[in-house]
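Structural characterization, general
Listed below are the residues making up each chain.
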Amino acid sequence: MAKKTVRFRDSVAEYERIAAQITARQYSPIYLLMGEESYFIDALSEQLATTVLDEAARAFNQITVYGKDSDAGQVINLCRQMPMMSSYQVVILREAQQLRNLETLSLYTQQPTPTTILVICHKEKNVDKRTAFYKGCAANGTILESVRPYDNEIGAWLQQFIAKKGLTIDTKALSMLTDHIGTDIAKIENELQKLTVSLPEGTKRITDNDIETHIGISKDFNNFELCKAVLTRNMERAMLIADHFSRDPKGNPLLVTIIALFSQFKELFIVNYLGWLARRKGQPFPSDMELMRILRKSNTFILGEIKQNASRWENRKVFAVLGLLREYDGKSKGINSGGTSDGELLRELLLKIFLL
């Protein structure tokens, strides 16, 4: 049987399920929190550290140890102890990826103590799923495999994250935030925390002005505005933004800009291809709801803009743009760039796009 690949959305769903169980005080004797995305690992370990025991009980029944300063035998001995005047004791093992003889913990995970809650934080990579240690955690505990999001996944998650705070975020503001911070969820959460504290009382909608004012990202010179200028064939505006980017290459990485443009032109390619199928093959063009699902968009206004832009770019030219973006992706990483600066590479790329 083929192994199921865990995707970011699976990690999010599992995180929410585990968090809800902890809130309901439905505990597992073992929590193995592992993977490259540290945000969910930290969030669950913090929830367990602050909610299982009250403050008085924590002094006697909660201990945190670090992998680099411990070994498996010490952790097992701690877990075998009985709680003092409490139903549980909590043992939190941080940096488990650095623990000496991690596999030896299988002696405990195969037969855990029911009055101990062992929280294992294993960051940077997954535990080997073939080991007795992992199998013991799977049989007797709860496992979270925390996967990092791809660039095209972070926007949808961020919208939901913001919605849970009782807020909405404009499309441009969302693009500004994700282009600036990328897929680092912990950093995004930190910036949003500062932003929501700074917003005027009663604010329900985050705009590009809010992002500019409180996070410091220009609302006029960003990848959202650059993509808009390119797609609408506004060469003067696009080159003005490129010139602004060239003066701050660290704040406006060329690779991030190329990824943003690639995402936009890929959407045009899909819409044009579906139109070609409708004209040449007689296949019905998708409804707006179906097209939103295909393109992973959340409202019809954005969909209308994509359709309008697709009409400006026939797929022969879109395909050529995608080829240019692949070429300049390599140049942004130093391949055949001839030592040209990122600012010059961007201007060169945009000129070639507009001349198609």
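Being a predicted model, the structure only gives us computed values, none of them experimental.

What follows concerns the pattern of salt bridges. Within the structure shown, the criterion is met by 20 salt bridges. Among the salt bridges present, the one from D170 reaches R205, with a minimum N-O distance of 2.8 Å. Taken together, the positions of D170 in the loop between β6 (168–169) and α8 (171–181) and R205 in strand β7 (residues 205–206) put the pair 35 residues apart, joining distant regions of the chain. Close ionic contact of D243 with R347 constitutes a salt bridge, the shortest N to O distance being 3.5 Å. With D243 in helix α12 (residues 235–246) and R347 in helix α17 (residues 342–354), this residue pair connects regions lying 104 residues apart in the sequence. One salt-bridge network, in which partners are shared between bridges, spans D243, R247, E344 and R347.

Turning our eyes to something else, we now look at helix α7 (residues 151–163). Considered for burial, the residues of α7 that qualify are E153, I154, G155, W157, L158, F161 and I162. Residues of α7 that are buried in the fold lie against α1 (8–23), α2 (38–51), β6, α8, α9 (185–198) and β7.

What follows deals with the sheet that holds strand β5 (residues 142–146). Spatial strand order, β2-β3-β4-β1-β5: 5 strands in an open sheet with parallel pairing. Two strands in the sheet have a free side with no partner beyond their single neighbour: β2 (62–66) and β5. If you compare each strand with its neighbour and ignore which way they point, the axes differ by 10° on average. Examined bridge by bridge, strand β1 (residues 30–35) and β5 share 5 bridges and lie parallel to one another. Looking at the pairing, Y31 lines up with T142 of β5. Helix α4 (residues 72–80) rests against β2, β3 (89–94) and β4 (116–123) of the sheet, and its axis sits at about 165° to β3.

Ring pairs (aromatic) are described by centroid distance and by the angle formed between their planes. Counting across every chain of the model gives 10 aromatic pairs. Here the aromatic rings of Y27 and Y88 are separated by 5.6 Å at their centres, their planes lie at 90°, and the arrangement is edge-to-face. Of this pair, Y27 sits in the loop between α1 and β1 while Y88 sits in the loop between α4 and β3, and the two are 61 residues apart along the sequence. Assessed through its relative accessible area of 16%, Y27 is described here as buried. A network of ring pairs unites the aromatic residues F8, Y15, Y39, F40, W157 and F161 as a single cluster. The ring of W313 has R233 lying over it, and the distance from NZ or CZ to the ring centre is 3.7 Å. When the ring centre of F221 is taken as origin, the NZ or CZ atom of R237, which lies over that ring, is 5.3 Å away.

Procedures and definitions
- Residues numbered from 1 in each chain as written.
- Predicted model: local features only at pLDDT ≥ 70, side-chain atom pairs only at ≥ 80, totals over all residues.
- Heavy atoms only, no water.
- Salt bridge = Lys/Arg side-chain N within 4 Å of Asp/Glu carboxyl O.
- Helix = DSSP H or I, 4+ residues; strand = E, 2+ residues; numbered from the N terminus.
- Buried < 20%, exposed > 50% of the residue type's maximum accessible area, 1.4 Å probe, protein only.
- Contact = heavy atoms within 4.5 Å.
- Pairing = 2+ DSSP bridges.
- Axes fitted to C-alpha atoms, helices over the stretch in contact; angles between N-to-C directions.
- Phe/Tyr/Trp six-rings, centres within 6.5 Å; stacked < 30°, edge-to-face > 60°.
- Lys NZ or Arg CZ within 6 Å of the ring centre and 35° of its normal.

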